[in-house]
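The primary structure of each chain is shown beneath.
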Amino acid sequence: EMHPADQFEAFRGLADKGMPATDIAARFGKSDSHVLRILKLARVSTRILKAYRAADLTLEDVMAFTVTDDHEAQERVFAAIAPWHEAQDIRAALTENDIAATDKRVKFVTLKAYEKAGGTLKRDLFSDDDTGVYIEDPALLDTLVTERLEKQANPVHAEGWKWVQVTPEFAYQQSAEYKRIHAEPVPLTASEQKKLDKLQEECAQLNDEWNDCDDEQEARPRLDELENLIAEIEDRDGVWTPDQIAMAGAVVFIDHQGNTKIERPCAARGHAESRKSEKREFF
């Protein structure tokens, strides 16, 4: 009975004789993509195919080896894998130094922009999403990342900060190197203070009543509403003084989702927790 590897080699023989993949597909009633995958399997190291024939490797294993055309790398990983290996271990070992399209830098630049700039890609024919796409020109990617970050930083420079740092990575270790300063609180207007006093008075009264009643659900909705209204007044953006702007800076970097993130004091109004994070400043 014919082994699948025999079909791989038969297709490869036709391709080596100059027959286009589309013609091979038409002859055997297969799709072009199917033929390309078969040819990819046929062109792995002969040592890999031999192990496949001997049932030391599964078809999924051979598929994983096709992620690179480097036979030396394939054989090096084959020699190192344990008997209880999985295909994903093979693929991970062969791509450990590659930059996948799922990398936040690639998301930030976009594959379209990278390819438009002349960047080339390596594709895993047996993966259906971006996890099987890899960048082949890391230097070009770094250049595109820097250029786009600098462009995103232009409006931040215009805000007048003493310095603006542009970096793809700004994790906890980097942020810990900076001292945090905080904006000066904005005084409440007379009407705002009056409204706050009234809300706080009602909240305190309702809290006392709630502590004495048996039905906790009766007062809880109004208490929650009051607490939110008080927070809207008290949790407000501060004002950054000219002295602070003259000594402080901002950091423009890429977050985990591949979006631009700016750590500076000019935080837009949002949820309290988000504002707390965005209102950090460094010098």
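Further up the page is the structure itself.
Because the structure is a prediction, the values reported are computed rather than measured. (Residues numbered from 1 in each chain as written. Predicted model: local features only at pLDDT ≥ 70, side-chain atom pairs only at ≥ 80, totals over all residues. Heavy atoms only, no water.)

Running from amino to carboxyl end, helix α4 (residues 46-53) crosses helix α6 (residues 71-80) at an angle of 40°, the nearest separation of the two axes being 9 Å. Judged on the interaxial angle alone, α6 and α4 are oblique. Mapping the contact onto sequence places R47, I48 and A51 in α4 and Q74, E75, F78 and A79 in α6. The residue makeup of the contact of α4 with α6, split by class, is four nonpolar, one polar and two charged. (Axes fitted to C-alpha atoms, helices over the stretch in contact; angles between N-to-C directions. Helix = DSSP H or I, 4+ residues; strand = E, 2+ residues; numbered from the N terminus. Parallel < 35°, antiparallel > 145°, perpendicular 65-115°, else oblique. Contact = heavy atoms within 4.5 Å. Nonpolar A, V, L, I, M, F, W, Y, C, P; charged D, E, K, R; others polar.)

This part covers the environment of V251. Mapping V251 onto the fold places it in strand β6 (residues 249-254). Each C-alpha atom of the pair V251 and E169 lies 10.0 Å from the other, and the pair is 82 residues apart in sequence.

This next bit is on the packing of aromatic side chains. Counted by the stated rule, this structure contains three aromatic pairs. Arranged with centres 5.2 Å apart and planes meeting at 45°, the rings of F170 and F253 form a pair that is tilted. One end of the pair, F170, is in the loop between β4 (163-166) and α11 (172-175); the other, F253, is in strand β6, and 83 residues separate them in sequence. Residue F170 shares its accessibility class with F253, and that shared class is buried. Between R148 and the ring centre of F108, over which it is positioned, the NZ or CZ distance is 4.6 Å. (Phe/Tyr/Trp six-rings, centres within 6.5 Å; stacked < 30°, edge-to-face > 60°. Buried < 20%, exposed > 50% of the residue type's maximum accessible area, 1.4 Å probe, protein only. Lys NZ or Arg CZ within 6 Å of the ring centre and 35° of its normal.)

With that settled, consider the pattern of salt bridges. Overall, the coordinates contain nine salt bridges when judged by the stated rule. R53 is the salt-bridge partner of E9, the closest N and O atoms lying 3.1 Å from each other. Placement of the pair is E9 in helix α1 (residues 4-16) and R53 in helix α4, with a sequence separation of 44 residues. Its salt-bridge partner being K40, residue D69 comes within 2.9 Å of it at the nearest N-O pair. Here K40 lies in helix α3 (residues 32-42) and D69 lies in the loop between α5 (59-65) and α6, a separation of 29 residues in the sequence. Each member of the salt-bridge network shares a partner with another, and the members are D6, E9 and R53. (Salt bridge = Lys/Arg side-chain N within 4 Å of Asp/Glu carboxyl O.)

Attention shifts here to α6. All of the buried residues in α6 are A73, Q74, V77 and F78. Buried residues of α6, seen end-on, are gathered within an arc of 135° and therefore sit on one face of the element. The exposed set on the far side of α6, more than 90 degrees from its buried face, consists of E72, R76, A79 and A80. Elements that come into contact with the buried residues of α6 comprise α4, α5 and α7 (87-94). Among the residues of α6, the N-terminal cap falls to D70, whose side-chain oxygen and the backbone nitrogen of E72 are separated by 3.0 Å. (Arc of directions from axis to C-beta. Polar contact = N/O pair within 3.5 Å; in protein donor to acceptor, adjacent residues only side chain to side chain.)

Nothing here speaks to function; it is all geometry.
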